[in-house]
Amino acid sequence: MPSYKLIYFNLEGRGEILRYLFSYSNIDFEDRRVEFADWPALKPTIPYGQLPVVEIDGVIYNQSLAIGRYLAKKAGLTGKSELDEIRVDALIDTIDDFFSKFPWMDTEKAKKEFMEKSSPQLLAYLEKTLGNNPWFVGDSATWADFFWDTCADSFESYVPGFAKDYPKLLALKERVKAIPTIAAWIKKRPKKSQ
Ligand SMILES: N[C@@H](CCC(=O)N[C@@H](CS)C(=O)NCC(=O)O)C(=O)O
């Protein structure tokens with residue numbers, strides 16, 4: 001088994017999907033959390049100067065979704081057919097587009113306004129895709145379900161209740177969190193949350 005070190009800030013954000021995927025598969029990983037004060041010194045040593053990265057047997061790999069897809073493949077979480085893989089990737093990319101546009105560094109007011117204006121399109125799409133099924137794609141969980149949960153937790157920490165009118169999407173989050181290996185991770189992870 002290779003050795004894995006996840007390097008990310010001391011928050012959930014873009015690192016949490018990788019922590020979920022490691023945990024889901026019971027893969028041991030070092031969860032290195034960088035303090036913001038230490039980041040300027042570390043940044044020039046990181047490919048493309050952004051986190052998260054994962055060090056696998058001493059080699060650094062960047063881009064959270066490239067790493068996520070690698071881990072999801074190992075875990076059988078990318079979809080059961082090639083066409084299901086398209087559906088899973090489309091969900092991942094759609095949620096990621098939204099995550100990238102969210103004004104993380106702006107004021108609380110700007111975040112709330114962004115959410116009010118832009119989230120209905122995302123949430124309606126996600127709810128329609130889910131329909132009355134337990135998971136977004138196929139008859140079992142994929143990493144798109146996990147990604148929705150981790151990203152929604154980040155949005156929720158800034159704009160509480162942003163998805164309150166979408167009970168099926170909230171129930172999906174609960175289903176993800178109830179998966180035993182994910183529940184075990186959530187129980188043991190640092191309480192600081194974003
Ligand atoms: N597409 C990249 C985005 C990475 C990214 O935006 N990382 C942010 C934190 S979430 C970062 O490293 N910010 C610090 C910086 O750019 O100096 C990924 O998914 O890994």
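Everything numeric in this text was worked out from a predicted model, so none of it was measured.

1. Remarks on the site of the ligand
Near the ligand the following residues occur: Tyr8, Phe9, Arg14, Trp39, Lys43, Gly49, Gln50, Leu51, Pro52, Gln63 and Ser64. Between the ligand and the protein, one listed contact pairs an oxygen atom with a side-chain N or O atom of Arg14 at 3.3 Å. For the ligand, a nitrogen atom lies 2.7 Å from a polar atom in the side chain of Gln63. Classifying every residue of the shell around the ligand gives 5 nonpolar, 4 polar and 2 charged.

2. Focus on the pattern of salt bridges
All told, the structure shown has 18 salt bridges when counted by the stated rule. A salt bridge links Lys173 to Asp149, with the shortest nitrogen-to-oxygen separation between them at 2.5 Å. Note that Lys173 is positioned in helix H7 (residues 167-178) and Asp149 in helix H6 (residues 143-158), a separation of 24 residues in sequence. You'll find Lys173 and Asp149 in the same group, each marked buried.

3. So, the sheet that holds strand E1 (residues 4-9)
As summarised here, the arrangement of the 4 strands in space is E2-E1-E3-E4, forming an open sheet in which the pairing is mixed. The sheet is open, and its two borders are formed by strand E2 (30-34) and strand E4 (59-62), each paired with just one other strand. Strand-to-strand twist in this sheet, taken as the mean axis angle between neighbours without regard to direction, amounts to 25°. Looking at chain direction, strand E3 (residues 53-56) and E4 are connected through 4 bridges and run antiparallel. Paired with Ile56 across the two strands is Val59, which belongs to E4. Packed on one face of the sheet, helix H1 (residues 16-24) meets E1, E2 and E3 and runs near 155° to E1. On the sheet, helix H3 (residues 64-75) packs against E1, E3 and E4 and is oriented at approximately 105° with respect to E4.

4. Quick look at H7
Over its 12 residues, H7 extends 16 Å from the first C-alpha to the last, a length consistent with the 16 Å expected when each residue adds 1.5 Å. Contacts made by the buried residues of H7 are with H1, helix H5 (108-130), H6 and helix H8 (180-188).

5. Structural notes on H8
Those residues of H8 not exposed but buried are Ile182, Trp185 and Ile186. Buried residues of H8 fall within an arc of 100° about the axis and therefore sit on the same side. Structural note: H8 exposes Pro180, Lys187 and Lys188 on the side pointing more than 90 degrees away from its buried face. Buried residues in H8 make contact with H1, E2, H6 and H7.

6. Some remarks on the pairing of E2
Across 5 bridges, E1 lies against E2 in parallel orientation. When the sheet's bridge partners are listed, Lys5 is paired in E2 with Glu30.

7. Brief notes about the domain arrangement of the protein chain
We note that the domain assignment places domain 1 (4-75 + 181-188) and domain 2 (82-178) within the protein chain. Across the contact, 15 residues belong to domain 1 and 15 residues belong to domain 2. Carbon and sulfur atoms supply 69% of the area buried between domain 1 and domain 2, which totals about 1,300 Å² over both sides. Counting across the interface, domain 1 meets domain 2 through 2 salt bridges. One salt bridge in this structure joins Asp89 and Arg69, with 3.2 Å as the shortest N-O distance. Counting residues per element, the ones that place at least two in the side of domain 1 that touches domain 2 are H1, H3 and H8. A total of 5 residues in the side of domain 1 that touches domain 2 trace back to one element, the largest contributor, which is H1. Tallied by class, the residues present in the side of domain 1 that touches domain 2 amount to 9 nonpolar, 2 polar and 4 charged.

Rules and cut-offs
Residues numbered from 1 in each chain as written. Predicted model: local features only at pLDDT ≥ 70, side-chain atom pairs only at ≥ 80, totals over all residues. Heavy atoms only, no water. Near = heavy atom within 4 Å. Polar contact = N/O pair within 3.5 Å; in protein donor to acceptor, adjacent residues only side chain to side chain. Nonpolar A, V, L, I, M, F, W, Y, C, P; charged D, E, K, R; others polar. Salt bridge = Lys/Arg side-chain N within 4 Å of Asp/Glu carboxyl O. Helix = DSSP H or I, 4+ residues; strand = E, 2+ residues; numbered from the N terminus. Buried < 20%, exposed > 50% of the residue type's maximum accessible area, 1.4 Å probe, protein only. Pairing = 2+ DSSP bridges. Axes fitted to C-alpha atoms, helices over the stretch in contact; angles between N-to-C directions. Contact = heavy atoms within 4.5 Å. Expected span 1.5 Å × (residues − 1). Arc of directions from axis to C-beta. Domains from an automatic or database assignment. Buried area = accessible area lost by both parts, 1.4 Å probe.

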